[in-house]
Amino acid sequence: MNLPNIIRPEHTFIGVSAPTKWRALQTIADKAAMAFFVDAQIILKALETREKLGSTGIGNGIAIPHATIDGMSSPRGLLLRFSRPLDFEAIDDIPADIAVVLLFGENNRGEYLNVLSAIARRLQSDGVLAAMRKARTADEFYSDFIADSRV
């Protein structure tokens, strides 16, 4: 799984401010619309629909909002760190300070679970998460996420 092809450095943000999960989804939709040239309302509706099926908060302060978007030709993503943790209704009740956003086209459904699995594996490492949470810049944050090895 080549995550740098899906989540690019220029689609990485730290200090993202939102008062609630639902406002965060709006902010995410706006950023994704600019990055991927898809209407923000289409992205927002897809993310909200998916979130209503069940929380994308996976625990340990991480959320992975994801949705299928008509017209997307390849999987794309955003990497964000919120300025303050938000309640994504994770099973462990820990608010999310990190979000990995994935958007897929209908023709990418086969890759969908593989990408989610690769991201979950990467974020299971306490070393990766600790480094991401200490990163001072978006470039550091991205590098800590993408790096293949940990000291």
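Each value, and the rule that gives it
- Residues numbered from 1 in each chain as written.
- Predicted model: local features only at pLDDT ≥ 70, side-chain atom pairs only at ≥ 80, totals over all residues.
- Heavy atoms only, no water.
- Helix = DSSP H or I, 4+ residues; strand = E, 2+ residues; numbered from the N terminus.
- Buried < 20%, exposed > 50% of the residue type's maximum accessible area, 1.4 Å probe, protein only.
- Contact = heavy atoms within 4.5 Å.
- Core = buried A, V, L, I, M, F, W, Y, C linked by side-chain atoms within 4.5 Å.

- The name an unreviewed UniProt entry gives the protein is Protein-N(Pi)-phosphohistidine--sugar phosphotransferase, with Rhizobium sophoriradicis as the organism.

Considerations on the environment of Asn60
- Assignment of secondary structure puts Asn60 in the loop between strand E2 (57-59) and strand E3 (62-63).
- The exposure class of Asn60 is partly exposed, given its relative accessible area of 34%.
- Expressed as a C-alpha distance, the spacing of Asn60 and Ile98, which sit 38 residues apart in the sequence, is 9.4 Å.
- Look past the residues within four positions of Asn60 in its chain and what remains in contact with it is Asp92, Ile94, Asp126, Leu129 and Arg133.

Section: the nonpolar core
- Phe36, Ile43, Ile69, Leu78 and Leu103 are the most contacted members of the largest nonpolar core, which has 29 residues in total.
- Those elements that provide at least two residues to this core are helix H2 (21-36), helix H3 (40-53), strand E5 (76-86) and strand E6 (96-104).
- At eight residues, H2 tops the list of elements feeding residues into this core.
- Ignoring any residue separated from it by four or fewer positions in sequence, one finds Leu78 in contact with Ile7, His11, Phe13, Ile28, Lys31, Ala32, Ala35, Phe36, Ala99, Val100 and Val101.
- Among the nonpolar cores identified, the runner-up in size contains 22 residues, and Leu3, Phe104, Leu116 and Ala135 belong to it.

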